[in-house]
Each structure stands twice: as structure tokens, then as C-alpha cells.
Amino acid sequence: EMFHSVNSISGSQQQKLTCRNLFFDLVRNAGTPSTVMFIKEMIEQDQFTAFESYLAITTLAHYIKAPTEELIYQIFQLIKSPSVQNKFWLKGSAHLVFANIVRNACLGSSKNVYPEQVFGKMCSANNNKIVEEYIPHLVQDLKNAQTSVEKQIALYALGQLAHESVIPLLVSYVEGKTQDSSVTLRKNALWALSDVAHYYRHQLLPVFLAIAHNPAESRSLRIPAIAMIMKQQPETVQLQKLAVSTWFEQDQEVARYIYSTLKDQAHLKRESHPEGSYLYKLSQKAQTVLPLAKPVPMILPTIKVYSGYLPKLEIGAYMLNSLMTLSQSTTEFYHKTEYFLKQVQTTPVEMAFHVAGMSTIAKDLLKTVTESSESVLHPQLKELIQKLEITPREDSKIELGAWLRLSDDINFAAEINHETVSDLKRKVLSAIKDSGLSVMSKICGKTPINHQNVFEELPYQAVVPSDLGLPILVESQMTYFYSVQGELNVECSFNKPSASLEVASKMSYTYNGYAGTISPFTQELLAAGINIHRSTNLPVKTIVEFEPSTSQMKVAMTQNSQVSSNSQGIDVHYYSVKPYVARKPIVFKDLTPAVTHHNTKIIRSPASPKSYEYNFGQSLGLDMSVKVETECDVFDAQTMIDSWSNFNYNPVAAQWFFFAESALTAQGMPTARYHSYSVVHNPSRSSTKAAEMSVQVSLASKVESQEPRKYTLHSSQGVQSQRLQENSRTEQRLGECLRKVNSKIGYAINAQVNTKLIGGQPKTYTYSITAGSGHNSLKHKWNLHFENEQNTEMKKLCVDGQMEYPTTSSSDAHFKYSNKVAFGNTCDQYYVNVEGQSLVSNKQRQFSTYSIESEQCHKATQELESLKEKFQYVSEEDKETRYSLEKKHSEVSKKMHMFCNKKRDQSRALDQTEFTITTSQELPTSVYSMAKSLNTAAKAVFFQYISKVSQPTLQNKIQVELTFNQKINSVSAKVQSPKENVVFENIRMPYELQEVVPLVAGKNPLEQSYKAITGKSWYPKCTLGHGYVQTFDKKSYTYQIDECDHLIASDCSRNPTYGVLAKEVNGLKHITIYQGQSKVELRPAHAYSGYVEKYVLTIDGQEVQLNKNEEITLKSSSALEQITAFYSNDNTVEVETPYTKVTHFGKTVSIEEKSMADGNHCGLCGDYNLDKRADIKSPKGCVFSSNKLAALSYRSKSSQCKPLSQKIQEQIRTEESQCVKYETKNTHAKSIFDSEVTNSHSIKKHTYIFKEDKICISQEPVAQCTQKSMPMAMKKKTIKYVCLPEGRVAKLYAERIERGESPQELRHQPVAFKVQQDQPISCRPRKQ
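Residues numbered from 1 in each chain as written. Predicted model: local features only at pLDDT ≥ 70, side-chain atom pairs only at ≥ 80, totals over all residues. Heavy atoms only, no water.

Novice: Would you explain the overall build of the protein chain in this entry?
Specialist: Scanning the protein chain for helices and strands turns up 35 helices and 51 strands. The buried share among the 1328 residues of the protein chain stands at 45%. Here the contacts in the protein chain between residues at least 6 apart in sequence split such that 62% fall between residues at least 24 apart. Carbon and sulfur atoms make up 55% of the accessible area of the protein chain, which totals about 67,100 Å². (Helix = DSSP H or I, 4+ residues; strand = E, 2+ residues; numbered from the N terminus. Buried < 20%, exposed > 50% of the residue type's maximum accessible area, 1.4 Å probe, protein only. Contact = heavy atoms within 4.5 Å. Areas by Shrake-Rupley, 256 points an atom, 1.4 Å probe, with all protein chains shown as cover.)

Right under this line is the structure:
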């Protein structure tokens, strides 16, 4: 009846919709049986909109107050109704919500408490409908699922249920024993156990451990299994086994994830853990086992945990972020934030995101933007692929999914894969075909916006009996409200499309809590409480327009009609803390909130009230002010600092606990005193009524020996380019910027920003920013020009600089840097010029000759030569000896490669850096003040490292010398200025920066930093050495190429893009690179004692002259198709293509791969899937008995090559015919689970005893043998007991303990006594 009254209310359409939205939210928030039945009826009768139905169902588990068995059955009827089942987007969410309700109400949950003392028992695990109707329905839904997305959601629903009867089914899916098994479904079945695994820890933890330790299992399951293990509080010995396994792990990503997890947990400080956090014990165990793990140098781990406790506020939280790289270009991200609010533990946000098939998407995009001719292979490479009979590898399929959980139990999920993409494409095309241009009419034009939402979090109500016989009422709730009203107008004009948005937005948050009673005489509520309120009001009209022809965007902001007619001040932002006492009629008689009732009084403290007001915005024509009313003992700058100290000076913590802001005592302690502040805007007193801003962006580029080009965007023809005319001021700025950059390839961008304040006296501000960038083979240049036409003191800011870093690996290389910052009315008035260089000192060169890495390199090189000699005396028939030598050779070559590369980097480390700073004769006073402050701050921070202070020796400049010491990971600095000379010695650098600085000659600084941060190379490298190969996946094996071409690396997908071939002539490598239709050949021309003096380079048969220290462009039809070559001073040649970078050292060649790790590569460099197992597969994707045989299968079958022996050819044919494929070996999860269920004779359960008139419960669960088992061994352990008076509360706890629950709130209760008790170490079944 109320619903019909709301729908028939008189008023505007917006008012009607607002009333309906608020009524809908109130019904949802009520959560009573009657409102739930109302929602059920409305959904079944299609009275709700699609959005209302979805919102009502997804929040049902959160708001339901009394889920009795009958009400749960009615909800079950709802999810089975056609109104839900026929809507795929509603069906999955309904099943998830229903499973949550059954688990919380019937199977028990430590986070959900229902009023059973008032309404009676809600539901129990003995409810027959659970196993007879509910579970069979969900299982049948899984069996009837047609798509993988439907199956995944069905698995999650069963996992949310947490009933013991569905666990074996989920474990079966984890093992892959079902007919529709796939790696994706197995992984989702594993994740489905995430929320409920702790209920069955003893049975499921062994399953997770078995998956994690199975080297033949898919990475897609192993990494999630490791994440699940960490949630189950593993024993120290189990973590030890994980840590030790990193030394033998073949899968790089699994090893990185284990080490990163242990490292991050171990680095958490003990005092940072909130009380009750499971991370406390886990971090202690991780600290113990971390030294056993193989270190992986990285700054940014794959899993990062932030944990903090605020002692003054007695609250805390932790935030977990995990980035998992799985197989087939699959990446998953997981985030969880959990609050610990004294006796409340809640998870406000938990989310996951996964994406697969990124390499497929990247290839499609690259194919779209490059010319079609590039998609055609070079005929010779195509012929080679046909002769080698290379079977195309399957591209990974596209998957994209996200899951979000709010406030513990509100779930949102979305999933898209190749099936749904195809289906969606078909539906969209069908809709356009059927309706034609009418589809656009639904998008274009005016669309009203009117949305309100009321959300209640952590509601608590209790009625506690007292000795006076009066009930004590306790109630608290956190309510969020937001409202968005306005209009969206989309103008679908072809020449001038625009979108205007008029919106008035309001948001508020309120926490209200009180304790009181009902007066038996007046039937009024008598209570004392506290109210915390925060609100934001943004009543503006925003219009956004975009003109493609001029690349101009306009944004206009004006006051909406409500503000224009308002002569009062408007609170843009308001916050208050109000302690109060109230006397008012009960809520059923008077709906007025207690804090706003006329009888309510604010509780005042002894501190005197203080009021402050600060006005601002006058320069912009705005009348704005900040008003503060507080009862802080003192309100000054120190009070503000103390306020931040309560949050440990952490802005993230302050954002997390925004509701904990309060008045402070003089000692900085938080209080519940009155405190409020507001930001007020008075529109009637403000001269500025509106603001307009236009942004016009222009882009230009220049290639050496070509005219500059300007780019424009057209709605019909896309991006077009034309010659830069320099007719306008903007074009002149672009041209000047490109000339200053002066690079082979340069880019310039200009942004013209015009801002206008409209009102009494219009004010206009014009800004122009021009930025440029360019690079040659050795130089990167930049130029920035900023103009402010209104500022009379600082009209221009000009930045002009360049960076010259050595791409040569020579130890004589220099890293040069210069940057000039000019400013003032012109770019010549003031300037600060910085010039510097880095070089390799003689001391560093000497260090690289006697370092530990140098000794290990020399030792490994000698051992490798010794093994090569032994090979000559071992016959082909002696397979056992050859296998042993090959294995030893691979291990030694790997060591030699690692240590020699480290030695080479040490010899090229730019350990000495010099900076010279010069300035104009005069500078503004503010610049001098800033320089003095920086000088003082540097001395204060590095005071302990100051070794000498002397008189100045330089005039009119500052000189800084930095010397890095790699041996002890420190840096020394000598600073000479006109004021003084200061020497800092051995400043300790963080361990994480050891791989970042000093820079290494021949390495791109970005690539070097990326590897130090992530622990992975920017571009994975494959090395073809003398008698050995190290693949992209870091697998080393023995193989010597001969005078015949071998396919070293190639993209072997259905649409191959490139190929790299190599052969060896007289001990030197000859390289052939195929890129699209181009063929590049590189070979040494002259060599002396193995040292290459000259190279011959040809492109499509035409020889190209190589000059030292000069980069040449072999092909450049576009930036994405460019092929370049660079000949360095140390006689190495780099050939770079869009997909690879090949570096020729003479005897050794390295290939760097630029694409993503997708497992679709082939050749001697392996499949590139970040897994060493079965790395070298044959052209047909077969796993051969030896790496050498697999490498021989990539030997060219050209008539110019000497054929292989008949015996080897026969071996290859035999193994190709058998074609052993690499397959993951599924873990026998079901048998492990079954054995644990059968053999699990011990449980952990709280024990309780009766003592006088109290019931005493153990604070922690204790080990006990099951009824049909007996202890095998016992030990003494101290048990802490918490005592409660006998009564309804104690009886409730006893019932929960009998159900096997572990009430977390017992940990916060005072310990009554301790006692030594025998506990079983292990149990065995009783003899029959």
C-alpha cells in the first residue's frame, strides 16, 4: 500500500523518482521478514526496475535481520522464479547471495549475529531443506551451465555455501576429474574455497600444500594454492618446506611469488599488527623461514601487505595487494582491506581482477596500426617454416573478469571471455541491423539523472537486562548517503559533438551510537550517545564540449538554480562530533533522530569553547570561509600535528579511519568532546558566478631531413598530418621547440589553456605550455616552455636539457646530463644551469678484476674449457657419460654466464658522478631561501656522515662529486659552494637501491631500474654462446651450432611476425633476421684471435656501411616498423626491430624479446613462458628426450647444409612420430582430501567448564581427540579461561562452541584464571 502511495504521489517527475528511490532504500535497509517478502513480491511481479532488482538482491544478505527457516525458503523460491532465472545478470548474483544467507544463518558465522533471543532460532545445520533442496539446486545449476562463465559463478556459489557436503565436489573440480574440466575451472574451484577453507583447515591445507609442491602442476593453480596456504595459518615446518623449494623451483614466477610472500610478511613489525590479525603469527613464522629461501632481488614485491595499529585510537587495519602472473599471459590482482575496530572486525573492501590473452590483444592492435604488407612473411622465412614443419602454437584466449565485495557480504561480479565477446558482438550487430539509427536516439539527446542511495554499515542493536529491572538499550549504526541529480545532454553532431552535464551532488556519512533505557513512567527514551557527521555538497552545473576539428575542449561550470536563488551560506563540506544526552519518545512514536530532537542537549566538557574563522577565495571573486568550533584544550599548529600523529602521520590511515577525527587534549589524546568545522560558500556575496576553461592541444613531430608535421583529429577521417606552417603563435612555439630539441626523431606538444571567471569583474588567465622530446642514438632531449600572461613577475618558465647516456659497453663511456631552467619576464632574466657527467673510475675498473664475481667468472670459464676437452674423448655410444658431462656443462655455463655478466657490469659501472651548478648573477630572494633550506636539511639528515667542513674554494658555482662504492653499497659526496666545502663519507644506501645505482654503461637506465624494482628483465634475453645456449626462461643447455642456419628465436603463433637465424663459421656467429618483408644479415668480416675487428651488414641484399658510435636506420616506414643498427666502440653491433634486439659480440650473440611471455615462441631460445620445464620443444611442439636433439630439429634442411647423420635423422623422426607433449600433471586433490577426512582424528575446539555460578570458556581453541579416537601422546599446555555468569549469554556461547565455532570476541575478554592441562599431540582410532 505504501509503495502504491509513493508511486501516486503528486509532484514533478524528479520528485516522484526521489521519493521512490528513498522508499526503496528504506525497505532494503529495514531487512525485516515483511520487507523481504515485499521485495520478493515486487521482483516476481516485475514491479522493480532492472537496477532496483539487482540492487535489492545483491544487498539482501547484508540487510536481512531475521533469516528464519521459512524466510530462507521464501528467498529460495525467489531465486528459482522465472523473474530471476531468465535474467543471466541476476541469476548468478542471486545464487551467491542465497548461499551467503544459508551459510550465515544456518551453518554459523562469527561475523553475523541474529536476534535469536527475540525471534527464536533462525536456522540450524540440521535443516533438511539444505541437503534436500538448496544444495541439489545449486549443484544442478552447475551441471546445466552452458558457458564457462556460468560454471564459474555456480562454483563460487557452492563455495560460499560452505556446507561439508559440497567440499568434495569442489575438490573434484580442483583436481580436474570432471568432464568439462579446464585450467580456468580448476582455478576458480580453488578460489571458491577461499572464504570457507578455514572451516575445513585440517582437510584442505594438505590439498593446497600438495598442489603447491607439485612441480608438474599448472602455475595457474600453484600460485593460488600458495596464497590459500598463507590464509590457513600454516605451521613453521610447512613454510620451511616452501622456502627451501625456491632453490629447486623451475618455474620462475612460482619462486618469485613464494619469496616475495615470505619477505613481505617477515618485514612486518610486531607493533604494526592490530589485535586479532592473523598476520601476527604468520609474520613471526615468515621471519624464521625467510633465510632458507633463495633470494630474488626486487624492490617491489609481487605481494605487498600494509599493516598498521593506531595505539591512541585503539584501532588498526591491514591492506593486502597481490599481483600474480599465471600461465598464458594471465595476470591476476587481488586486494583486501580489513578493519579492526576494537571489538569489531570487518572487511569494507575486497576485490579481484584478472585478465588473460593480453598478447593476443597486443598483436591485434599492432596489426591494426601497421601496414598490411608487414603481415606477410619474407618468402625465405616462410619456406624455412614449411621445411621445418613448424606447427602453429595456439594464442591465449581473451578473459577479463572482476569481483568486488563490500562490507563483508555484498558481492558484485562480472566476467567476459572469448565466448561472451563473440555473443556480445553478435547481439550488438543484430540490434544495429534491426533498429538502425534508432539505437543512436537512445544515446543522443537529454537523459535525466536522479539517483539516491542509503547504505547502512555495521548496524548493532542490543537489549541488556539490568539489576534495576529496566532494559538497557544499546544501538549503533554507520549510515552513508549520496544523491546525484541533474541532466546529461549528448549532442551527436558530426562536426561538433559535445556533452553537457548538469549535476548537483550531495554525500554524507553519519555514525550514531547511544546507550539508554525506556522510562517506565513516560515511555520515553533516555539515552546518552555520540553523533559523528560528515557531509559534502557540490551544487554546480558542468558543461563539457569537444571539437575534433580544432582539438579543443571547453569546460564551463556555473551555479545551478538552487544556488543562484540562495542568499545564505552553503556548507560545501561539514564535519562534526557531538556527544549528547537525549529524552524523546521512542522511534515508533517520533521518527526524529535523537541528536536533532529539541530535548537533546550537547554534553560540554570543562574546556572552554573555541571558535575560529578564516576567509579565502577573495582573489578569485569567491566568498568562502572555514569555520571551526571546538573544545580542544588548545587549538594551534601543534594540535594539527598531534591530530596527524594519531594516524602515525599516514594519509592512507587518515583516509581509512576518516570517522576517527576528534577534538584533542593538550597532550594530543583523542576525546569525545564537541568538535566541528565547515567550509562555507556564500553565493550572494561572491562576484564570480561562473568559470570557463578551454584547452587546445596541438601535436607536431619531426624526423631528420624531413619537414615538421602537425597532427589534427577529424571525426570522419581520423588522425591526419600536414606540414607545420608556423602561421599562428601556437605553431611558432611548436616549431621553435622542435628546433631546440634538434633530434633525429623529435616530438612537440602545445597546450593552450584559457580560464575565465565570469561575474562582477571578469578575470581572464591564459597559460601556454609547450613541451618537446627527442632522441638520437645517444641523446635524449627535452624542452618545456610555460607562459603566464597575467603574472607580471614570472611570465615565463623555460626548461631546456639533454641526457647523453652510453649505449656502448666500453668502460671508457661517459653519461652526460645538462638542464637549464630559465624564468622571469623573459627566458633570459634568471637561470639555473646544471651540468654533469658520470664515468668509470680507475678504482672501479680495478675492483672488477679482483671482486668475488670476477674470481667466480675466471673459475667457471676454466672449468668450462676443461669440460669441452673431456667431450672430445667421449664417444656417442657412451650416453651415460655424455649425459653427465652435458648436465655438468649446462650448470657451469649458467654460473659462468651469471658471474661474467656481473663482472662485466662492475667494469662498466659509472661510479663517479660530477655536477656543476651555475646561476645568473641575480636570483629572486625566494630561490636563495629555498637553497638555504635545502642545504640545512641535507646537513641535518646526513649529519652523522659529515667528515669535513672547510673554507670555500669556488666562486659563483656549486660543484658536487659523488663516488659510489659497490663493495659496501655506499656513496660519498663532496659539495663545494661559495659558502663552504662539505664532505660526506660512506652514506649508507638502502639494500634495494644496490641494483639501481650506479648506472651501467650500455644499459638503458629505465631497463636497469625496472629489473631492480621487479626482479625481472625489461626484455628477457637469450644468449647463444660458444657451446651453450641460455634461453629466455634462463634454462642453460649444451649445444654447439655448426655452419648450417638454425632457427634461434621466432614467434610461432598462427600469424608469425619475425625470425632470427644463426650459424657459426670459424668460431664466429653469422646472424640473419627476418622482420616482415625485410631480411637483415650480420656477420664478422675480419677477426684476429677470436676478436672481431669489423662487421658486414646487409639489408635485403644491399650492404650498409657501419660507422662506430653511430646509429643508422635500415627501415623506417613508421615508428612501429623501424629497424636500426648501432656499431659501438667496443666492436659490438646492435640490430633493433619492433620485436627483438639482437646484439653481436663476435663469438656470442644475445637476443632480447620485446613481446609478452605467452609460450608461443620456438627455436633454440625456448618457448618463453617463464618456466624452465620442457623449455625446448621441437617444431611440432614435442618434448624430445634431450635438448640437443630438440635443437637439431631446428637446423635448416637447406641443400647448402651438410645433412645430419642417418642415425640422428631417425631419432628425430621417431620422437616426432611419438610426439610426447608437455602436459601438466593434475594433483590428486580428491584422494588427499578423502584420506585427510578419514585419518583426521583430532580437532581444535573451545572447552568450557562450570565453576560456581559461572561458565568458563577457554580463550583459544584447544586440541581434542574426536569421539571415536584416543590420544597417542600428550603434552602439558597452559590454557587461559574467560568466565561469564550463567544465563542466556553464556548458554548462547556454549551452543556456538558445540557447533564448532570459535568466537573471536573471547580474545578481548579479561582472563579469569590459567590452568595447566594435558593436550593430545596426536590421536588414533579406538580399537573396536
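This is not the end of the story, as more comes after the structure.
Novice: How should the pattern of salt bridges be read in this particular structure?
Specialist: Side chains that differ in charge, positive against negative, can pair when their charged atoms come close. Summed over all chains, the structure comprises 36 salt bridges. A salt bridge links Lys87 to Asp46; the nearest nitrogen and oxygen atoms lie 3.9 Å apart. Taken together, the positions of Lys87 in the loop between helix H7 (82-85) and helix H8 (88-107) and Asp46 in the loop between helix H3 (33-44) and helix H4 (50-58) put the pair 41 residues apart, joining distant regions of the chain. By relative accessible area, which is 52% here, Asp46 ends up exposed. Across the pair Glu1136 and Lys1154 runs a salt bridge, and its minimum N-O distance is 2.7 Å. (Salt bridge = Lys/Arg side-chain N within 4 Å of Asp/Glu carboxyl O.)

Novice: Hey, could you run me through helix H20 (residues 379-388) in this one?
Specialist: Counting along an α-helix, one turn takes 3.6 residues, and residues three or four places apart therefore face a common direction. For H20, every residue scored as buried is listed here: Leu381, Leu384, Ile385 and Leu388. The arc that holds the buried residues of H20, viewed along the axis, is 100°, so those residues lie on one side. Those residues of H20 that are exposed and angled more than 90 degrees off the buried face are Pro379 and Gln386. Against the buried residues of H20 lie strand S34 (1046-1051), strand S35 (1058-1065) and strand S36 (1068-1075). With its phi angle positive at about 55°, Glu389 sits one or two positions after the end of H20. (Arc of directions from axis to C-beta.)

Novice: Sorry, what's going on with the environment of Gly31 here?
Specialist: Among the secondary structure elements, Gly31 is positioned in the loop between helix H2 (13-30) and H3. For Gly31, a relative accessible area of 4% puts it in the buried group. Sequence spacing of Gly31 and Thr59 is 28 residues, and the spatial spacing of their C-alpha atoms is 9.7 Å. Once residues within four sequence positions are removed from consideration, Gly31 is found in contact with Val36, Tyr63, Ile64, Lys65 and Ala66.

Novice: Looking at this structure, how should I read the state of the cysteines?
Specialist: By definition, a disulfide is the covalent link that joins the sulfur atoms of two cysteine residues. This model, assessed by the stated rule, comprises eight disulfides. Here Cys798 connects covalently by a disulfide to Cys827, the sulfurs 1.6 Å from one another. On the criterion of sequence distance, the pair formed by Cys798 in strand S23 (residues 796-804) and Cys827 in the loop between strand S24 (814-824) and strand S25 (830-839) is long-range, its members being 29 residues apart. When its relative accessible area of 10% is taken as the criterion, Cys798 is described as buried. Linked covalently through their sulfurs, Cys857 and Cys900 form a disulfide whose S-S length is 1.9 Å. Here Cys857 and Cys900 share a disulfide; its torsion about the S-S bond, 90°, makes the bridge right-handed. Of this pair, Cys857 sits in helix H28 (residues 852-872) while Cys900 sits in helix H29 (residues 879-907); the two residues are 43 residues apart in sequence, bridging distant segments of the chain. (Disulfide = S-S within 2.5 Å.)

Novice: What's the story with the packing of H8 against helix H10 (residues 128-144) in this structure? I'm lost.
Specialist: Helix packing for two helices is described by the angle between their axes and how far apart those axes are. Across the interface, H8 lies against H10 with an axial gap of 12 Å and an inter-helix angle of 150°. Classified by the angle their axes make, H8 and H10 are roughly antiparallel. As for how H8 packs across H10, the hand of that crossing is left-handed. Side by side, H8 and H10 meet where Lys91, His95, Phe98, Val102, Cys106 and Leu107 of the first sit next to Ile130, Tyr134, His137, Leu138 and Asp141 of the second. Of the residues in the contact of H8 with H10, the class split is seven nonpolar, two polar and two charged. (Axes fitted to C-alpha atoms, helices over the stretch in contact; angles between N-to-C directions. Parallel < 35°, antiparallel > 145°, perpendicular 65-115°, else oblique. Left-handed = near helix turned anticlockwise from the far one by under 90°. Nonpolar A, V, L, I, M, F, W, Y, C, P; charged D, E, K, R; others polar.)

Novice: It is not clear to me how the pairing of strand S41 (residues 1123-1127) should be interpreted in this structure. Could you clarify?
Specialist: Within a regular strand, side chains alternate between the sheet's two faces. Taken across its five residues, S41 has five buried, putting it largely inside the fold. Judged from the five bridges that link them, strand S40 (residues 1110-1115) and S41 form a sheet pairing that is antiparallel. Considered in S41, the bridge of Glu1110 is made with Tyr1127. Where S41 and strand S42 (residues 1133-1136) come together, four bridges link them in antiparallel fashion. From the neighbouring strand, Tyr1127 faces S42, where its bridge partner is Val1133. Counted along the chain from S41 to the antiparallel partner S42, the turn is five residues long, and its residue Asn1131 has a positive phi close to 60°. (Pairing = 2+ DSSP bridges.)

Novice: Would you take a moment to explain a positive patch on the surface for this structure?
Specialist: Among the surface-exposed residues, Lys281, Lys1244, Lys1275 and Lys1277 lie close enough to one another that they form a single positively charged patch. Along the chain, Lys1244 falls in strand S46 (residues 1242-1245). (Patch = residues over 30% accessible without salt bridge, like charges linked within 9 Å, V, L, I, M, F, W, Y side chains within 5 Å. Lys, Arg positive; Asp, Glu negative; His and termini not counted. Charge placed at Lys NZ, Arg CZ, Asp CG, Glu CD.)

Novice: What am I meant to see in the packing of aromatic side chains here?
Specialist: Counting across every chain of the model gives 37 aromatic pairs. Taking the centre distance of 6.3 Å and the plane angle of 75° together, the rings of Phe38 and Phe48 count as edge-to-face. Of this pair, Phe38 sits in helix H3 while Phe48 sits in the loop between H3 and H4, placing them 10 residues apart in sequence. The interplanar angle of 40° and the centroid separation of 6.4 Å between the aromatic rings of Tyr73 and Phe76 together place this pair among those described as tilted. (Phe/Tyr/Trp six-rings, centres within 6.5 Å; stacked < 30°, edge-to-face > 60°.)

Novice: Help me understand the sheet that holds S40, please; the structure alone is not making it clear to me.
Specialist: By definition, the strands of a sheet pair up through backbone hydrogen bonds, in either a parallel or an antiparallel sense. If you walk across this open sheet you meet the eight strands as S33-S32-S31-S44-S43-S42-S41-S40, and the pairing is antiparallel. The open sheet terminates on both sides in strands that have one partner only, identified here as strand S33 (1036-1038) and S40. The average undirected angle you get between the axes of adjacent strands in this sheet is 15°.

Novice: Got a minute to help me understand the environment of Tyr674 in this structure?
Specialist: Examined against the element boundaries, Tyr674 turns out to sit in the loop between helix H25 (651-656) and strand S16 (675-681). Take Tyr674: its relative accessible area is 10%, and that puts it in the buried class. Between the C-alpha atom of Tyr674 and that of Tyr580, which follows or precedes it by 94 residues, the distance is 9.2 Å. When near neighbours in sequence (up to four residues on either side) are disregarded, Tyr674 contacts Val577, Lys578, Pro579, Ile602, Arg604, Glu629, Thr630, Glu631 and Ala663. Within the structure, Tyr674 has its side chain in polar contact with the side chain of Ser676 (distance 3.3 Å). (Polar contact = N/O pair within 3.5 Å; in protein donor to acceptor, adjacent residues only side chain to side chain.)

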